[in-house]
Every structure is written in C-alpha cells, then in structure tokens.
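Examination of the molecular architecture
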Amino acid sequence: MLALSRKVNESIVIGNDIEITVLEVKGDQVKLGINAPKAVPIYRKEIYLQIQESNKEAVNTDVSVEAIKKLFD
Amino acid sequence: MDMLVKTKHFGEVELDENKIIYFENGIFGFEDCKSFTILYNEQDGKRPDISWLQSIDEPALALPVISPFIIKPDYNPVIEDELIKHLENLNESNIVVLVSVTVPSDIKNISANLKAPFIINSELKKGAQVIAENSEYEIKHYFYEELQAYKAAKEGK
C-alpha cells in the first residue's frame, strides 16, 4: 500500500479526475473531501462489506423454498 | 429462443432468452455474475409475493427477493442518477424494484435489505444493485410484523 503524509487542506490526486482532500483532523477522526465523477461509486467500506455479506446470507439460507414460500402465502 | 438453465431451487428449467436480465456490474459480493433471471412458482395463475433472483452463470447463486412495497408502501430510495444511467429511460411502466430477503432459521428474524435495492428496466432487461442514500433504510430491516399485517390486509380483500 502506498502511504502518503498530508496536512489539512492538502490533497492527493488519483488518475485524471479523482481528488481527495484532508478537510479536518480531530483526535482519531479524519474528514475527507472527495471530488470524483458521479459515475464512480464511493462507499464507506463497512457499508460496502455489509451489503456484500447480506447478499451472501440471503443466498445461504438453511430454510427450504417451501417454508419461505409459506411465510408469504 | 429457449435455453436450458440449471437453477438452485427449481432444477433445470427451460428459459426464454428474453427473460434474462443483464447486470453489467454484477451484484454486491458476486461482481462476476452478470446474467440473472427471476423465477417463481405460479399459484392459481398468479405471481406470488416471493421470487428468486437466479444467476444464469452460477446455479448455486439464487437470492429470495420481494417487492419492498409490500412491507413498506412508501419505499422511495434515493439513488445517484449516474449509478442507474446505464438502465436508460426508467419510467413508471418499465421500472421493477426488488430487495433481497434473508431468512434465518428463526424465521421471525426475517429481514429485507432496503439499503441496496435491485433496480431493473424490464423493457431493456437491464439491472443494477445500488446503494440508496436514505439513511433510514437498513441493510437488515426486520419485517415479520409488517409481513403479518400485509397478509392480513390481503386476506381481508
């Protein structure tokens, strides 16, 4: 992993059209500003992982199709 | 044209190719699976409330899905336009919105993922799973109570 030191209001640029700026540092929290094309989805990683996990859980149910169907009948 | 598709819950089914929905970005956790179809058991000629989003590429990949509106009639996810731009001209007559359902052994803890709906253009057969910006929508929305109310209302009709 590339590690860069930045101060408040300094940025890094990724490719031609993504810019990440350090807006504020407070204790152990860092506020980042991100400029990117709207087509680039930006997620908090924990949300992204939880949704991946949720799809996997939905697939891996132990409950039978009949039992699931019955729930909705 | 019909093709034979292996499915998780319905054995081998004959499927009309125009029933295949293309998710160009796959779905979360299964980014390589891009072709899906929606399967269900018709009951008295009617479509039931529960269906399965079945991968064409991976027979073991099938998620139970429902319309979010049966448990949340005012469901209104806010989605960044650019994320569904490739679904083209979405409108009231061609849009289909589904959410995945997780069914644990204790079925009272059944939950729906209101945070990451599947948005489908049923005319063009293109779909995407996207993250709604609404902070009130949860990845695990428990809905057993809402389901009972919905069923009671349906019975009453």
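Scroll up a little and you will see the structure.
Computed from a prediction, not measured in an experiment: that's the story for all the values here. Residue numbers run consecutively from 1 along every chain, following the written order of its sequence. Think of it this way: whatever chain is written first is A, whatever ligand is written first is 1, and the rest follow in order. Reporting of local features is limited, given that this is a predicted model, to residues whose pLDDT is at least 70; pairs of side-chain atoms are given and counted only at 80 or more, and all residues count toward the totals for whole chains, interfaces and linings. Side-chain calculation: all heavy atoms of the structure are included, whereas hydrogens and water are not.

**Here we look at the pattern of salt bridges**
Salt bridges, as used here, are contacts in which a Lys or Arg side-chain nitrogen is within 4 Å of a carboxyl oxygen on Asp or Glu. Tallied over the entire structure, the rule returns seven salt bridges over all chains. Note that Glu57 of chain A and Lys140 of chain B form a salt bridge whose closest N and O atoms lie 2.7 Å from each other. Residue Glu57 of chain A is found in helix H1 (residues 45–59), and its partner Lys140 of chain B is found in the loop between strand E10 (126–129) and strand E11 (141–142); the two belong to separate chains. Where helices and strands are cited, they refer to DSSP runs of H or I of at least four residues and of E of at least two residues respectively, numbered from the N terminus.

**Some words on the sheet that holds strand E3 (residues 29–35) of chain A**
Residues and elements named next belong to chain A. In this analysis, strands are considered paired if DSSP registers two or more bridges between them. The antiparallel open sheet is built from three strands, whose spatial order is E1-E2-E3. At either end of the open sheet lies a strand with only one pairing partner, and these are strand E1 (11–14) and E3. When the angles between neighbouring strand axes are averaged without regard to direction, this sheet yields 25°. To get an axis, fit a line to the C-alpha atoms, keeping to the stretch in contact for a helix; angles then go from 0 to 180 degrees between the N-to-C directions.

**Topic: helix H1 (residues 144–156) of chain B**
Helix length check: H1 of chain B, at 13 residues, gives a terminal C-alpha distance of 18 Å against a target of 18 Å (1.5 Å per residue), a fit within 8%. Buried within H1 of chain B are the following residues: Tyr144, Leu147 and Lys151 of chain B. For H1 of chain B, the angular spread of the buried residues around the axis is 55°, confining them to a single face. Seen from the buried face of H1 of chain B, the exposed residues on the opposite side, beyond 90 degrees, are Glu145, Ala152 and Gly156 of chain B. Throughout, a residue-residue contact means that at least one pair of heavy atoms, one from each residue, lies within 4.5 Å. Tucked inside the fold, the buried residues of H1 of chain B contact helix H2 (65–72) of chain A together with E11 of chain B. To estimate the expected span of a helix, count its residues, drop one, and scale the result by 1.5 Å. Only protein chains enter the accessibility calculation, which uses a 1.4 Å probe; a residue is then buried when its area is under 20% of its type maximum, exposed when over 50%, and partly exposed in between. By definition, the arc is the one covered by directions from the helix axis to the C-beta atoms.

**Quick look at the layout of surface pockets**
All names here are of chain A. A cavity, in this analysis, means grid points on a 1 Å lattice covering only the protein atoms where a 1.4 Å probe fits yet has no way out; a pocket is instead an open set bounded by protein on both sides within 12 Å along at least five of seven lines, and a residue lines either one if it has an atom within 4 Å of a point. Grid points are joined across faces, edges and corners, and a volume is the space filled by probe spheres set on the points. In this structure, the largest pocket encloses a volume near 910 Å³. Along the wall of the largest pocket there are 22 residues; nearest its centre are Ile34, Pro41, Ile42, Tyr43 and Arg44. For the lining of the largest pocket, the secondary structure elements donating two or more residues are strand E2 (18–26) and E3. No other element matches the five residues that E3 contributes to the lining of the largest pocket. Tallied by class, residues from the lining of the largest pocket come to 13 nonpolar, one polar and eight charged. Just so you know the grouping, Ala, Val, Leu, Ile, Met, Phe, Trp, Tyr, Cys and Pro go in nonpolar, Asp, Glu, Lys and Arg go in charged, and all remaining residues, Gly too, go in polar.

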